[in-house]
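Observations on chain architecture
Given next are the chains, with one letter for each unit.
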Amino acid sequence: MSKTFTIILVAIALALAIYNITLLDFDHLFKGDSLIACIGILASFCAILILLIFNTSKKISKKLKDD
């Protein structure tokens, strides 16, 4: 259950990052909506990293529990 939930959350975060990439205005990258899109992209990738770390820690915990 946890692995499926993590995969779904990673997919949602990736979709949000792709959506925010479409909102970028490369002529004015750090102004207005482009700044918000940059923050959204960074937040999405941070969420993906945190979820992958969580998944790895669950695998390690399970391996230690089995031993």
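For the structure itself, consult the block above.
What comes next concerns the included structure. (Residues numbered from 1 in each chain as written. Predicted model: local features only at pLDDT ≥ 70, side-chain atom pairs only at ≥ 80, totals over all residues. Heavy atoms only, no water.)

Before going further, it helps to spend a moment on the overall build of the chain. Scanning the chain for helices and strands turns up two helices and zero strands. Expected size for 67 residues packed as a compact globule is a radius of gyration near 11 Å; at 16 Å, the chain overshoots this value by more than 25%. The principal-axis extents of the C-alpha atoms in the chain amount to approximately 55 × 15 × 10 Å. Split into buried and exposed, the 67 residues of the chain put 21% on the buried side. Here the contacts in the chain between residues at least 6 apart in sequence split such that 52% fall between residues at least 24 apart. Of the accessible surface of the chain, which amounts to about 5400 Å², a share of 73% is contributed by carbon and sulfur atoms. (Helix = DSSP H or I, 4+ residues; strand = E, 2+ residues; numbered from the N terminus. Rg over C-alpha atoms; globule rule 2.2 N^0.38 Å. Buried < 20%, exposed > 50% of the residue type's maximum accessible area, 1.4 Å probe, protein only. Contact = heavy atoms within 4.5 Å. Areas by Shrake-Rupley, 256 points an atom, 1.4 Å probe, with all protein chains shown as cover.)

Looking at the secondary structure, you find I12 in helix α1 (residues 2–22). Remark: the alpha-carbon pair of I12 and I48, spanning 36 residues in sequence, is separated by 9.4 Å.

As a further point, take the side chain of S44. Within the element layout of this structure, S44 appears in helix α2 (residues 33–66). Other than its neighbours up to four places away in sequence, S44 contacts A13, L16 and A17.

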